[in-house]
Every structure is written in C-alpha cells, then in structure tokens.
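Geometric and topological summary
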Amino acid sequence: PAAGVEGVPFIRNRGLKMNIPLDGRCPSYDDSGTSARRNVETVWTREFWVGFLDRMAEHRYNTLTLWSNHPFSAMLELEDYPEVALHDVAVQTFELDDQMLLQYKQGELQKPENYRVVRKMPMSEKVEFWRWVMRYARERGIDIYFITWNIWVHGAEGKYGIDASQTNQATIDYMRECVKQFVLTYPDLKGLGVTCGEHMQNKLEGDNRVENWMWKTYGQGILEAKKEQPGREVHFIHRIWYSGLQPMVDDFISKYPDPIAVGFKYAKARLYSVPDPPFYRNTLDWQLKKHKLSCWMNLRNDDIFHYRWSDPDYVREFVRNLPEEPMLAGFHMGSDGYVWGREFADKDPDTPRQLEIDKHWMRFLLWGRLGYEPGLGRDRFEALMADRFPGSDAKRTYDTWRTASRIVPLINTWHWRDWDHMWSVENAMSKKDGYHSVNHFIEFNPLQGRGMQGIDGFIREPDAGARGPLVIADELDALAAETLGGLEELRRGEVGRELGKTLSDMEAFARLARYYAMKIRGSTAVHRFRVHGDEKDRGEAIALLEKAVERWKEYAAVASSLYEVQLLARTSYTDWNGRLLQFAREDVEIAREAKHGEFPETVVGSALPKE
C-alpha cells in the first residue's frame, strides 16, 4: 500500500532466515563456507543492520530469524559462568575445506591457534550492540527470533563440568541459565526456537528424551525469566526435525504458556523447484489439525547463490499454495550453507561491497511483497524494473529475466535431491556424492507426481504420458534460446552497470541450461547402451557428452568472469574452470568405458523411483 495507507497482509508473518556467523569460536550451522567467514565482521556493524533491516521493512518483511548453534557465549556474560563469555569477535584461521565446520571438536575452536580476533569488543559492548539491533528492528515493525541447534555448548565445553551430553546435569543447568539470561538481557527479543538434532541422542527415552531435555533447559529457562518479567511474552518455535509431534506435545508444547508453533522445512532444501511442494500435506497437515497447532514454514533456498533471479508468477503461486492461517504461523526464507550478509564473490564489487539483499533485490522483494499482497501484477514489477534500470526496455527485461529464472526449478524438479548437501545446481556437485556424473543423472528420478520420467524408466518402460529426459532437455534448450535472444535485444539498448550485471547473470542461467540439456541427452544414450548393447548408442553418448564439455566451458567462461571461486559450505568450491571442468570431461570417459549389461552400484536396475 501507499505511504499512510493501512493494508491487510495476505500472510501475517513474512520473514527471512539467516544462519548468523557470530564468531569463529561459536559457529552457526554451517559456517565452513566463504560467505560465513567473510561476514563475521559484517554482522557486528551498525551500517549493515541499518541497510538490511531498512530493506526488509521496504519489502514488507516483519520477521527475522537468526540461527546459531549456541549464540549465548557470544552475546552474554553469565554471573555463574564468567569464563564462558567470548569477548571480542574472532574468525577461524584454519584452511577452509569441504568438511563441515561442525566436524571439528567443539574444544578445537577455542584454541588460540585456530582463531584470530578481528574486532576488539568487550561483552558489555556486545550486549549493547545487540540490544540496539533488536530495538532498531522493532522500530521498523520487525520481530527477531533466535533459533538454535542442540546440543552445542561452544565456549563452555570443558568448563564448570559442561559438555554436550544430554544426561549431564551441569549442562542442563548451564543451558537453562543461558536461556533465562538471554530473555532478560534482550527485552526486544520476540522469541526463541529450537532444533532437537543433529547433535542429540535421539533414541533416549523417559526423562532423557530430547523433547524433555528441551523443556528442562529452554522451557524452564523462559519460565524463570518470566518470573522476573511477569508481563513478558516469549513466542516459541519448536522445529520438527529429529523429533515427533506427539512427544513434543507431551513434553513441551502442552506445558508452554505463551504462543508456540512448530517449524517445518516446507520445500525441503529446494525452494526453487515447484510452487506446490507436497511434503507438508503428505506428512504434517492432519497432525497439526489434530493438535490445533500452527506451523512456521522454513523456505530453504539452497540452490541459487550467485545469480540474480526473478519470476513473480512462481512466487505468487507458491505463497498462494501455502496452508491457510491460523494453521500457517508464517514463513521465513533463507539458506543453510550461505550467509546473506554482504557479497564477497563479485569480481567487480561496489565499495563498500553490496548487501546481498540489495544485489538480489528483486528476489527478496518478491517473497516479501507477494507474501503481503499476492495480487500485485506484472505492471507493478515492470515499473520497479524501469525505475531500477533507467532507459531500459522494462517489458523485455521482465520477460527475459522470468524465462531465465525458470531454468533452475526445471532442473531441480527433474533431477530431484531432497537436501542441500546432496546437490548444487550451480556446480553439478554434492558433498554426499561428489560430482553428479551421468551415473547420478541415471540413478536419481524426478520429483514424483510432476508428470516427468527419469532416464532408467524411460529406457526400460517408457511412459507416453510423461515428459521423459529428452523432452526435458529440449525444454531447457528452449528456455536458454529464449533467454539468449532476449539478452541480445536488451544489450542493444541502454545498459547501465547494474543492469549489465543482471543480464550477465541471466546469461549464466542460460549457459547452465544448455549444459544440462546436453548432459541429460548424453546420460540417456549411455544408459541405452548399457541396457541394449548397441554400439551406436555408445558413440552417440560420447559425442553428446563431448558437446556437454564444450557447453560447460561456455557456462564456466560466463560464471568465472563474474565471480571469484568460493566455497559453498554444503557442497564444494565453485571452481568452474578447474576441477568442475575436469569432472565434466570424466563423463566422456564414463561413456567410453561403459559395458553392456553392467551398471555401477549407484544406478538402480528398475524403473521404480528411488525417492
């Protein structure tokens, strides 16, 4: 609505999610990537929060969830545990690698040789800083929650008898005191949230059950704080992750006096796949109705980190498909393996470096504004583009950008992988499986119920009513061609600095689509040879995959001209011209060495979907 006009939001609570890198000694989950390390200093500056929170308000967001394993040691000095407080701000000094930072023992992070101080800041100053952040947010209508994973005790392990054990009373007492003092110290904190795994003993029963541990620490800590601040209301989010809803109700939810909701990964890690993901309705809908609970939808973007994206139709359909209130508590959108602070990969950066919320202005704007008012049409977004890119053809920019932005959802839906560590579409990589070779493209099937068929089923039992791999390849090539045609026209007009970068990002999407189209065709030919044994199929596979290598080079040339190599925390390095190019070449060797009737262990031997 216009200034001074009161509106009624379509979704009451519209939020962002940030895994906040507070300190190298108490990391978030997962801080092993370049963006996390480079943004540690950023999140301790007022300039960042002024820009970030102002932009959130402009885009109609009213919730910010900050996620950390154990924020307390970086934000509190406890009277009973004075040695735990982490004064100053530090970053790790050890080499970034493909391993999750959490694989380091908690005590290792505290060793002086493993970190260096980048900002002198006594705890009293740190507390005042975060009081200011939360107050600034509240003044702009933004509620702040902190959400933790458990059990992590960064900075406290080995002190006062504290460790990460679920049955250790010293740890329970310490955590309860952390929660109590966190609530008391930060009067503008809206609420807290918890995650029961991955660092808990989830099979323990009775008094040691994970949900009961949560009550003895978080639940009772909040109650103790409320005794000292009797008018205080602390909202709570209890995530459904390594925890069942009934135990949560029995051990925590039924006892909690203030507003409480559960949290759920609504699209798993694939926000950019389909606008109506089936997982909530298949698993949780009836349970929430039974217990009369509401749910925060965690919208996880673990796909698009580099390239600017804009598809208003996709976002509009997505938010309209979310459950209705009051069952819907709201949404928070963000990533696990990337920190949306300042960008640190651009080869032609602004000074100071851009906020990610400004670089990806249209993507952040779409989720906030369409969550508030999904009826906004293309005329409004064309006007925004015309204002942002003076002198440009806003209609063509809108259409070309939207076409380019349909590429990643199509790839993700056809080559479906649930979680972030399983697949990086920008890299064709995963932490779990390494490079996604032709064998992976043969093994993994499309998201079920989308009218698509994977390679194995297509070769063995083709479904005439489904879009098979060759149809998907043609669709990707068509999207690429339409995008490149639009870019050719746009580049003939007036192109300023920011529009030029945006157009280059669109080209990267198009070149990526062309690579995957050829890779899918080559993978299909490899599997046809293995099943039927015709040498013509092997020859076709080799030729197609050699073309895929050339298309990867085209993609790598664009991507590497724009961005520095960085480590994506949940997958690997964006070394497009190095290791990733070599992996693309290895696909050709897989085709050369394929044998009729012999299939790698990773490849299923039937048309039945694996996922």
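In short, a report on the structure. (Residues numbered from 1 in each chain as written. Predicted model: local features only at pLDDT ≥ 70, side-chain atom pairs only at ≥ 80, totals over all residues. Heavy atoms only, no water.)

A few points about the overall build of the protein
- Each helix and strand in the protein was counted, giving 21 helices and 12 strands.
- Its C-alpha radius of gyration of 25 Å places the protein within 12% of the 25 Å reference for a compact globule of 611 residues.
- Across its three principal axes, the protein shows a C-alpha extent of roughly 75 × 55 × 55 Å.
- Buried positions account for 63% of the 611 residues belonging to the protein.
- The long-range fraction of contacts in the protein, counting pairs at least 24 apart against all pairs at least 6 apart in sequence, stands at 79%.
- Accessible surface for the protein amounts to roughly 22,200 Å². Of this, 47% is attributable to carbon and sulfur atoms.
- Taking the average location of the 82 positive side-chain charges in the protein and that of its 93 negative ones, the two points are 1 Å from each other. (Helix = DSSP H or I, 4+ residues; strand = E, 2+ residues; numbered from the N terminus. Rg over C-alpha atoms; globule rule 2.2 N^0.38 Å. Buried < 20%, exposed > 50% of the residue type's maximum accessible area, 1.4 Å probe, protein only. Contact = heavy atoms within 4.5 Å. Areas by Shrake-Rupley, 256 points an atom, 1.4 Å probe, with all protein chains shown as cover. Lys, Arg positive; Asp, Glu negative; His and termini not counted. Charge placed at Lys NZ, Arg CZ, Asp CG, Glu CD.)

Some words on the pairing of strand β6 (residues 189-195)
- β6 sits mainly inside the fold: six of its seven residues count as buried.
- In this sheet, β6 lies alongside strand β5 (residues 143-149) in parallel orientation, the contact comprising six bridges. When the bridges of β6 are listed, Tyr-145 appears paired with Gly-191.
- Taking the sense of rotation as the criterion, the β-α-β connection linking β5, helix α5 (residues 169-185) and β6 turns out right-handed.
- Regarding the hand of the β-α-β motif, the stretch spanning β6, helix α6 (residues 210-228) and strand β7 (residues 235-239) is right-handed. (Pairing = 2+ DSSP bridges. Right-handed = clockwise from strand over helix to strand, strands pointing away.)

Observations concerning unusual backbone geometry
- Omega for the peptide link from Gly-197 to Glu-198 comes to 15°, which places this bond in the cis form.
- In this fold, Glu-198 is placed in the loop between β6 and α6.
- With an omega of -5°, the peptide bond between Thr-351 and Pro-352 qualifies as cis.
- Along the chain, Pro-352 turns up in the loop between β10 (328-334) and α11 (356-359).
- The backbone of Lys-292 shows a phi angle near 55°, a positive value even though the residue is not glycine.
- Summarising the element assignment, Lys-292 is placed in the loop between α9 (285-291) and β9 (295-300).

Some points on the state of the cysteines
- Taken as a whole and assessed by the stated rule, the structure comprises zero disulfides.
- Cys-26 supplies the cysteine sulfur nearest to Cys-178, a cysteine that is in no disulfide, at a spacing of 11 Å.
- Judged by its relative accessible area of 1%, Cys-178 is buried.
- Cysteine Cys-196 is unpaired, with the sulfur of Cys-295 as its nearest cysteine sulfur at 14 Å. (Disulfide = S-S within 2.5 Å.)

Some thoughts on the side chain of Glu-382
- Assignment of secondary structure puts Glu-382 in helix α13 (residues 378-388).
- A polar contact is formed between the side chain of Glu-382 and the side chain of Arg-378, at a distance of 2.7 Å.
- Residue contacts for Glu-382: discarding those within four places in its chain leaves Ala-394, Lys-395 and Tyr-398. (Polar contact = N/O pair within 3.5 Å; in protein donor to acceptor, adjacent residues only side chain to side chain.)

So, the packing of aromatic side chains
- On inspection of all chains with the given rule, the structure shows 53 aromatic pairs.
- Taken together, a centroid distance of 5.3 Å and an interplanar angle of 85° make the contact between Tyr-81 and Tyr-160 edge-to-face. Within this pair, whereas Tyr-81 is found in the loop between α3 (72-75) and β3 (89-92), its partner Tyr-160 is found in the loop between β5 and α5, the two being separated by 79 residues in sequence.
- Between the aromatic rings of Phe-129 and Trp-130, the centroid separation amounts to 5.5 Å while the plane-to-plane angle is 90°, which identifies the pairing as edge-to-face.
- The exposure class of Trp-130 is buried, given its relative accessible area of 0%.
- Aromatic rings pair up to connect Trp-44, Phe-48, Trp-49, Phe-52, Phe-72, Phe-129, Trp-130, Trp-132, Tyr-136, Phe-146, Phe-182 and Tyr-186 into one cluster.
- Here the guanidinium or amino end of Lys-17 rests over the ring plane of Trp-67, the centre of that ring lying 4.4 Å away. (Phe/Tyr/Trp six-rings, centres within 6.5 Å; stacked < 30°, edge-to-face > 60°. Lys NZ or Arg CZ within 6 Å of the ring centre and 35° of its normal.)

Examining the nonpolar core
- If you look at the biggest cluster of nonpolar residues, it comprises 194 residues, and the most contacted ones within it are Trp-49 and Trp-130.
- Ranked by residues supplied to this core, first place goes to helix α19 (residues 497-532) with 16 residues.
- Filtering out sequence-adjacent residues up to four positions away, Trp-130 remains in contact with Ile-20, Leu-22, Val-43, Trp-44, Trp-49, Leu-66, Met-75, Phe-146 and Tyr-186.
- The next biggest cluster of nonpolar side chains, apart from the first, holds 10 residues, and it includes Trp-67, Ile-147, Trp-152 and Trp-296. (Core = buried A, V, L, I, M, F, W, Y, C linked by side-chain atoms within 4.5 Å.)

Comments concerning the packing of helix α14 (residues 394-405) against helix α15 (residues 407-414)
- Two numbers describe how α14 lies on α15: the axes approach to 4 Å, and their chain directions differ by 15°. On the basis of the axis angle, α14 is roughly parallel to α15. In this structure, α14 contributes Thr-403, Ala-404 and Ser-405 to the contact, and α15 contributes Ile-407, Val-408 and Pro-409.
- A class-by-class count of the residues in the contact of α14 with α15 yields four nonpolar, two polar and no charged. (Axes fitted to C-alpha atoms, helices over the stretch in contact; angles between N-to-C directions. Parallel < 35°, antiparallel > 145°, perpendicular 65-115°, else oblique. Nonpolar A, V, L, I, M, F, W, Y, C, P; charged D, E, K, R; others polar.)

Examining the pattern of salt bridges
- Applying the stated criterion to the full structure yields 58 salt bridges.
- The partner of Lys-120 in a salt bridge is Asp-88, with the nearest N and O atoms 3.2 Å apart. In this pair, Lys-120 is assigned in the loop between β4 (115-119) and α4 (123-139) and Asp-88 in the loop between α3 and β3, connecting sequence segments 32 residues apart.
- A relative accessible area of 64% means that Lys-120 is categorised as exposed.
- Judged by relative accessible area, Asp-88 falls into the buried class, the value being 13%.
- With a closest N to O distance of 3.4 Å, Arg-514 and Glu-554 form a salt bridge. Taken as a pair, Arg-514 in helix α19 and Glu-554 in helix α20 (residues 535-562) lie far apart in primary sequence, 40 residues in all.
- Beyond isolated ion pairs, a larger network of salt bridges with shared partners links Lys-17, Asp-30, Arg-300, Asp-302, Asp-336, Asp-420 and Arg-570. (Salt bridge = Lys/Arg side-chain N within 4 Å of Asp/Glu carboxyl O.)

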